[in-house]
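Coordinate inspection notes
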Amino acid sequence: MNGYYNRKTNTDETKKIDIRKLQRNQHLSSGYIGRLSWQNVQTKESMGSINFEVMPDCVIFMYRVKHNEHWHNYETIAPLTYTPCNYGNSRVWFECPQCRKRVAILYVQTNIACRTCQHLNYASQQQTKGVFEDRDRMNKIRAKLNWSIFQDVYPSQRIKPKGMHYKTFYRLVIEHDYYELSYLSSFGASLNKLERMIGRF
């Protein structure tokens, strides 16, 4: 069972630094010193904070991360780059501190980097991908148990294959039920979303 509950963290679950918000709040002037903080939407509890200082060509982020009961200080430099707008002025972007790609949002984990470098999915990508991954994993387990893959499996049909140890059988059943429940739940949510989209037309 180890690992089958794991999934990629998505962008909605990760602290983010949006340069557009900093610009709207006039926090990108050279020499500006500020602080970013995050709160749990439901409990309003603090989820962390980062100090930053704006330089002419970059933003320096200073923060602490706890590892094994000890706090460690980190500093990340995010270069700034500019692109011209159609009607004059310019638009400011971060350069990812790791890959140097031009981005509007950096994500905060132990380090600060773009979505690609942090290996993050968008929540919508994860939901669609997760539906089919859970279905495929469920069907692989059904194949091992000699259960029907394309039909519902009723309690009376949950028979242990001949020669399989009971310990292995019960472990596979638990994994199967987890993926089946996850698949049905995600599939149902996808159908509801589709119905709402159709309803708009």
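Conventions and cut-offs
Residues numbered from 1 in each chain as written. Predicted model: local features only at pLDDT ≥ 70, side-chain atom pairs only at ≥ 80, totals over all residues. Heavy atoms only, no water. Helix = DSSP H or I, 4+ residues; strand = E, 2+ residues; numbered from the N terminus. Buried < 20%, exposed > 50% of the residue type's maximum accessible area, 1.4 Å probe, protein only. Contact = heavy atoms within 4.5 Å. Areas by Shrake-Rupley, 256 points an atom, 1.4 Å probe, with all protein chains shown as cover. Pairing = 2+ DSSP bridges. Core = buried A, V, L, I, M, F, W, Y, C linked by side-chain atoms within 4.5 Å. pLDDT = per-residue confidence, 0-100. Salt bridge = Lys/Arg side-chain N within 4 Å of Asp/Glu carboxyl O.

So, on to the overall build of the protein. A tally of helices and strands in the protein yields 3 helices and 9 strands. Secondary structure elements of the protein, listed N to C terminal, follow the sequence β-α-β-β-β-β-β-β-β-β-α-α. Looking at the protein as a whole, 32% of its 201 residues qualify as buried. In the protein, the share of contacts with a sequence separation of at least 24, taken over all contacts with a separation of at least 6, comes to 40%. Carbon and sulfur atoms make up 50% of the accessible area of the protein, which totals about 14200 Å².

In this section: the sheet that holds strand 6 (residues 90–95). Pairing is antiparallel across the open sheet formed by 6 strands, whose spatial order is 2-3-4-5-6-7. Of all strands in the sheet, those bounded by a partner on one side alone are strand 2 (33–39) and strand 7 (102–103). Where strand 2 lies against strand 3 (residues 46–54), 7 bridges are found, and the strand directions are antiparallel. From the neighbouring strand, Leu 36 faces strand 3, where its bridge partner is Ile 50.

The next subject is the nonpolar core. Residues Ile 17, Ile 50, Phe 61, Phe 94 and Ile 112 are the most contacted members of the largest nonpolar core, which totals 29 residues. Ranked by size, the runner-up nonpolar core spans 11 residues in total, among them Met 138, Ile 141, Phe 169 and Val 173.

With 81% of its residues at a pLDDT of 70 or more, the protein has an overall mean of 82. Within the protein, strand 7 carries the highest mean pLDDT (96), whereas helix 2 (residues 123–144) carries the lowest (73). Counted against residues more than four places away or in other chains, residues 1–6, with its pLDDT under 50, gives 8 contacts.

A separate point is the pairing of strand 8 (residues 105–108). Because side chains alternate across strand 8, one face comprises the buried residues Ile 105 and Tyr 107, and the other comprises Leu 106 and Val 108, equally buried. Where strand 1 (residues 15–18) and strand 8 come together, 4 bridges link them in antiparallel fashion. Bridge pairing links Lys 15 to Val 108 in strand 8. Judged from the 2 bridges that link them, strand 8 and strand 9 (residues 112–113) form a sheet pairing that is antiparallel. Bridge assignment links Tyr 107 to a residue of strand 9, and that residue is Ala 113. Linkage of strand 8 to strand 9, two consecutive antiparallel strands, is achieved through a turn of 3 residues.

Here we take up the pattern of salt bridges. Following the criterion strictly, the structure yields 6 salt bridges and no others. Of the charged contacts, one joins Asp 177 and Arg 158 as a salt bridge, the two residues approaching to 2.8 Å between their closest N and O atoms. In this pair, Asp 177 is assigned in helix 3 (residues 166–200) and Arg 158 in the loop between helix 2 and helix 3, connecting sequence segments 19 residues apart. By relative accessible area, which is 29% here, Asp 177 ends up partly exposed. Each of Arg 142, Arg 158, Asp 177 and Glu 180 takes part in one network of salt bridges that share partners.

We now examine the pairing of strand 5 (residues 70–84). Across 10 bridges, strand 4 (residues 58–67) lies against strand 5 in antiparallel orientation. If you follow Arg 64 over to strand 5, its bridge partner there is Asn 73. Connecting strand 4 to the next strand, strand 5, in antiparallel fashion are 2 residues, including Asn 68 with a positive phi near 50 degrees. Relative to strand 6, strand 5 runs antiparallel, the two sharing 5 bridges. Paired with Thr 81 across the strands is Trp 93, a residue of strand 6. From the end of strand 5 to the start of strand 6, which pair antiparallel, there are 5 residues, and Gly 88 there has a positive phi angle of about 90 degrees.

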